[in-house]
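Fold and contact review
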Amino acid sequence: MTDDAANVGGHRATDSRAITEGRLSARRIFAQFGTFAIFIVLVLLASTQSDVFLSERNIMNVLRQMSGIGIMAIGMLFVVLTRGIDLSVGSIAALGAVSSALLIQQYPLPVAIGMVVALGAICGAISGFLVAFLRLPAFVITLAMMTAARGFALILSNGQPVMPGADGAPLSAFGTSFTFGFPNPALLMFALFAVAFLVLNYSRFGRIVKAIGSNEEAVRLSGIAVSWHVMAVYVISGALASIAGILVTARSGVGSAQVGVAAELDVIAAVVIGGASLMGGRGGVINTFIGVMILGVIGNIMNLAGVPGYHQQVYLGVIIVAAVVMQHGTSFLRR
Amino acid sequence: MALVELDNITKSFSGIRALSGVNFALQAGEVHALVGENGAGKSTLMRVLGGEMRPDHGTVSINGEPVRLTGPIDAIRRGISIIHQEMALAPDLSVAENIFLGELPARIGWGELRRKARALINRLGFDIPPGALVSELSVAHQQVVEIAKALSREARVIVFDEPTAVLSMGDAQRLLDIIRNLRAEGVGIVYISHRLDEIFAISDRISVLKDGRNVDVVTPDKATVDDLIRMMVGRPLSQMFGEKPPTTIGDVLLKVTDLDLPNGVGGVSFELRKGEVVGLGGLVGSGRSEVARAIFGADPIRLGAIELHGKPFRPRNPKQAVARGVNLVPEDRKGQGIVLDMEIAKNMTMAKTGPVTTLGFFRAARERKVVDGLIQSLRVKLGHPSDPVSSLSGGNQQKIVLAKWFHSGGDVVLLDEPTRGVDVGAKTEIYSLIHRLAAEGKALLIISSEHAELFGLCDRVLVMGEGRLRGELRPDDYSEENLLTLSIGAAAQDRQEALA
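Quick look at the structure, then. The structure presented is a predicted model; accordingly, all values stated were derived computationally and were not measured.

Rules of the game
Positions within a chain are numbered from 1, following the residues in the order the chain's sequence is written. By the order in which they are written, chains take letters starting at A while ligands take numbers starting at 1. Under the rules for a predicted model, residues below a pLDDT of 70 receive no local features and side-chain atom pairs below 80 are neither given nor counted, while totals for whole chains, interfaces and linings still include all residues. The basis for every side-chain value is the complete set of non-hydrogen atoms in the structure, without hydrogens or water. Here, nonpolar core refers to any group of buried Ala, Val, Leu, Ile, Met, Phe, Trp, Tyr and Cys residues whose side-chain atoms link them within 4.5 Å. The buried label applies to any residue whose accessible area, calculated with a 1.4 Å probe on protein chains only, is under 20% of its type's maximum; exposed applies above 50%, and partly exposed to all values in between. In this text, helices come from DSSP runs of H or I with a minimum length of four residues, and strands from runs of E with a minimum of two, each type numbered from the N-terminal end. It only takes one pair of heavy atoms within 4.5 Å for two residues to be counted as in contact. Put simply, buried area is the surface a 1.4 Å probe can reach on two separate parts but cannot reach once they are joined, added for both. Just to be clear on terms, a salt bridge is a Lys or Arg side-chain nitrogen sitting within 4 Å of an Asp or Glu carboxyl oxygen. Whenever two N or O atoms come within 3.5 Å, that pair is a polar contact, provided that in protein one can donate a hydrogen and the other can accept it, and provided that, for residues adjacent in sequence, both atoms are side-chain atoms. Basically, the charged four are Asp, Glu, Lys and Arg, the nonpolar ten are Ala, Val, Leu, Ile, Met, Phe, Trp, Tyr, Cys and Pro, and anything else, Gly included, counts as polar. Paired strands, as defined in this entry, are two strands with at least two bridges between them according to DSSP. Between N-to-C directions, angles cover 0 to 180 degrees, with each direction set by a line fitted to C-alpha atoms, over the stretch in contact for helices.

1. A word on the nonpolar core
Ranked by internal contacts, the top residues of the largest apolar core, which has 88 residues, are Met 72, Val 219 and Ile 294 of chain A. With 15 residues, the single largest contributor to this core is helix α3 (residues 56–81) of chain A. Residues within four places of Val 219 of chain A in sequence aside, it is in contact with Ile 208, Ala 211, Ile 212, Ile 224 and Val 226 of chain A together with Val 339 and Met 350 of chain B. Among the nonpolar cores identified, the runner-up in size contains 77 residues, and Val 268, Leu 328, Leu 414 and Tyr 478 of chain B belong to it.

2. Here we look at the interface of chain B and chain A
The interface of chain B with chain A comprises 36 residues on the first partner and 28 residues on the second. Across the chain B/chain A interface, buried area totals approximately 2,800 Å², and carbon plus sulfur atoms make up 56% of it. Counting across the interface, chain B meets chain A through 2 salt bridges. Glu 367 of chain B is the partner of Arg 207 of chain A in a salt bridge, and the nearest nitrogen-oxygen pair spans 2.6 Å. Between chain B and chain A we count 10 residue pairs in polar contact (both at pLDDT 80 or more) in total. Looking at the side of chain B that touches chain A residue by residue, the class counts come to 17 nonpolar, 9 polar and 10 charged.

3. Re unusual backbone geometry
Phi at Asn 158 of chain A is positive, roughly 60 degrees, even though this residue is not glycine. Mapped onto the secondary structure, Asn 158 of chain A falls in the loop between α6 (138–157) and α7 (169–176). Its identity is not glycine, yet Glu 162 of chain B carries a phi of approximately 50 degrees, on the positive side. Relative to the helices and strands, Glu 162 of chain B resides in the loop between β7 (157–161) and α6 (169–184). Here Glu 162 of chain B falls in the buried class, since its relative accessible area comes to 11%.

4. So, the sheet that holds strand β16 (residues 326–329) of chain B
Residue and element names in this part refer to chain B. Taken together, the 6 strands give an open sheet; going across it, the order is β16-β19-β20-β13-β21-β22, and neighbouring strands pair in mixed fashion. At either margin of the open sheet sits one strand with a lone partner, and together these are β16 and β22 (468–473). The mean inter-strand angle of the sheet, taken between neighbouring strand axes irrespective of direction, is 20 degrees. Bridge analysis of strand β19 (residues 412–416) against strand β20 (residues 443–447) gives 5 bridges, and the strand direction is parallel. Residue Val 412 lies in a different strand from β20, and its bridge partner there is Ala 443. Sheet strands touched by helix α14 (residues 394–408): β16 and β19. Its angle to β16, the strand with the most contacts, is close to 175 degrees.

5. Focus: the pattern of salt bridges
Going through the model one piece at a time under the given rule, you end up with 27 salt bridges over all chains. Arg 47 of chain B is the partner of Glu 52 of chain B in a salt bridge, and the nearest nitrogen-oxygen pair spans 3.6 Å. Arg 47 of chain B sits in the partly exposed class, given a relative accessible area of 38%. Among the ionic pairs, Glu 112 of chain B bridges to Lys 116 of chain B, the shortest N-O distance being 3.8 Å. Remark: Lys 116 of chain B and Glu 112 of chain B occur in helix α4 (residues 110–123); sequence separation between them is 4 residues, near one turn of the helix. Assessed through its relative accessible area of 45%, Glu 112 of chain B is described here as partly exposed. On the accessibility criterion, Lys 116 of chain B (46% relative accessible area) is partly exposed. Counted as one network, the salt bridges with shared partners bring together Glu 217 and Arg 220 of chain A together with Arg 293 and Asp 299 of chain B.

This is the structure we're talking about:
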């Protein structure tokens, strides 16, 4: 009994186990702070390249530009944690942009926004049902939703930008103004990240989502309804993509079905740069936020440095690979 | 001169001896059967022969020449093919492609390939179109393709590991005919099976292994089924089980009537009473795990009735079973029992979060109290509750699975191989936990391949054989011989009657 008490008190039972634990925690520390280190290096590098970079105006600009990607990255993180993927976020954002521009002409603003978010959630529920209950591959199902939702947005808008006119004024006011010196869309992103942080780390739902990505069968055999949880992450992803779409309409004052083309790729890149594993179970909210910021800073500094657009895409690809190698490289080598 | 000779082979896994000085020789044109209980070392020995494992000591000789096998490919090149129970075919490739997989020429001449494949299959007495996809074939035909694959590599030695376990009776007979033909061609055959009637029908010699050692080598005309069973068993009952505290066995908690499953398990009826520890014995593959998983709602039920506390119970998923107080400690701890990368504490509270959450959010202090209580109660040896479960030894990992159900608090606990891969010290502790659960008035069903464990722990032992419940042993009848006779004997009789 005394022996046990000593062990509970934090002593390691055997040397060999202590070594494995040490290696595990070293890897964990790197996963925790590796993303942050990359971000700091990038910021330092960027500030040497341009005087404008660290100016308040530029920082706020980056935050506002990345707010949509950031909000969608939250949903993507939850999906990726369950070992899934959601390719439909960009298209659902377009649907959100178009439908919000249409609906605010007929309904009071809160009602209209509620309907738009619900629409995104329904899109996510359809994908989620097919993935979770019918066990169809997430990649294919959300690819299908990607085309379908984009098509739906084009039908609703007739292929033309939707001008909400005077009814859109309150939404535009929200999207273009500042609170406490921050652009409102960025504040909304911060708030959603904070909620996601609490949910993922302190709620039953968040814990189960993470566990599903690590060992779905063990979760199921613990008497937990795995399918409902898997479906729920797609609902969340769809709803958040809708919100991202509303923000675009709010910022631009126009609802366009061309919103968010290929945005899913940026979103996935941000989540992966943030250290999440596409094999599920690994990833965090704070790191995902930093991943979003890394993506934003890379684009921003290349603009400031006058790198031509086509070149930017090549550099971006290289930088994504470099970031991921820095996070996972050591564990790849070990295997 | 022997075709292959394994001499004095010793192999340990993390300190536990799987093989101690085992000898095995195979002549050309001989069928040499290898029998023994689960865990006797048959598979390990064949992995050494197939180059998948290197022995710690001892030599492998081929045609009298000592060799060091560098891996499975090396073994195949030297003419040794192993046909595993889980077949290693590519389901979406054609029969011909599978047969010549790994040796496909850079430029594939399809016509020639198919002609060669057809010739090999015909040599086995079958006619399977070489262009058919493997996934479209019956299990029996897939096995023929496996054998043809071995022949294409000019195998001189073919190891069959439980080949008839997945076959119907007619197909099993045809397989035995194929093996006889191969023997006539001078191929050396190692035949592993739990079906002793087959062993007697086909073998020239029979090697018996037990606890990683040779017991004897016999010829079928000089031994009986009973002799073999006696040789396979007979380990002394160790004193590690402890005393079961005085427990009054009460009312029926779980009643299973004519349970019938889609996977071929059927006709299973039994009762579990309050405070009772019941064993479910029989060989691996006899349907024991399937029964437990079905009662837990993890696998579908086709027919039959289950009553829990006298009320009908038909779980469609594990969630419903847990809600009604039925818990399962699954067979595959790492794959099904725990989330390895997740913290120890979170694994413990996973199945029942109500007491440690408010509105779906965890209350850290409350959770820590529950976890600390469980750690003390189950004497889990750990660094810190926030370490991942993967940092624990096998025995302590298993205690985490038990802790999960201690916390969840069901009345019926199904334990599938609760001490597999667990060291002796932790085993004893798990046994005392099982006694404790019984003393608390729960009903326990224990599946184990270690029969001594069942006899040491259980009030009675149900015996399964080939998907059927074959009988029940009371403590007075406890012997491995009786258990195996019920499990194998009854099944063999079934088959003979069906053939006659």
